[in-house]
Amino acid sequence: MSDDFDDSGIPEDLDERIQEEVDDYVGDVYPELDPENRPQSSGCLLIVALPTLLLWFMR
């Protein structure tokens, strides 16, 4: 038996494909960990902007 490993049958992008599959699975099982499903920061702007607009329209 040889200690040399012949990797000629393994695709070059195998690591990338495995990582994409893991990311997809984790995103499905734990949606809060999926970076694509995280809320954007525009909510903070709305919290500040709405009272300001209300005050401006009431003057």
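Just so it is clear, the model here is predicted, and its values are computed rather than measured. (Residues numbered from 1 in each chain as written. Predicted model: local features only at pLDDT ≥ 70, side-chain atom pairs only at ≥ 80, totals over all residues. Heavy atoms only, no water.)

Engineer: Would you mind going over the overall build of the protein with me for this structure?
Structural biologist: When helices and strands are counted, the protein shows two helices and zero strands. Buried residues in the protein amount to 3% of all 59 residues. Carbon together with sulfur atoms contributes 58% to the accessible area of the protein, which is approximately 6,200 Å² in total. (Helix = DSSP H or I, 4+ residues; strand = E, 2+ residues; numbered from the N terminus. Buried < 20%, exposed > 50% of the residue type's maximum accessible area, 1.4 Å probe, protein only. Areas by Shrake-Rupley, 256 points an atom, 1.4 Å probe, with all protein chains shown as cover.)

Engineer: How do you make sense of the pattern of salt bridges when you look at a structure like this?
Structural biologist: If the charged atoms of two oppositely charged side chains come close together, the side chains can form a pair. Following the criterion strictly, the structure yields one salt bridge and no others. Residue Asp-13 is joined to Arg-17 by a salt bridge in which the shortest nitrogen-to-oxygen separation is 3.8 Å. A relative accessible area of 44% places Arg-17 in the partly exposed class. (Salt bridge = Lys/Arg side-chain N within 4 Å of Asp/Glu carboxyl O.)

Engineer: It is not clear to me how a nonpolar patch on the surface should be interpreted in this structure. Could you clarify?
Structural biologist: On the surface, a cluster of nonpolar side chains totalling about 570 Å² of accessible area is made up of Leu-46, Leu-50, Leu-53, Trp-56 and Phe-57. Among the secondary structure elements, Leu-53 is positioned in helix α2 (residues 42-58). Relative accessible area serves as the criterion here: at 42%, Leu-53 is assigned to the partly exposed category. (Patch = residues over 30% accessible without salt bridge, like charges linked within 9 Å, V, L, I, M, F, W, Y side chains within 5 Å.)

Engineer: It is not clear to me how a negative patch on the surface should be interpreted in this structure. Could you clarify?
Structural biologist: Taken together, the side chains of Asp-15, Glu-16, Glu-20, Glu-21, Asp-23, Asp-24 and Asp-28 make up a negatively charged region of the molecular surface. For Asp-24, a relative accessible area of 46% gives the class partly exposed. (Lys, Arg positive; Asp, Glu negative; His and termini not counted. Charge placed at Lys NZ, Arg CZ, Asp CG, Glu CD.)

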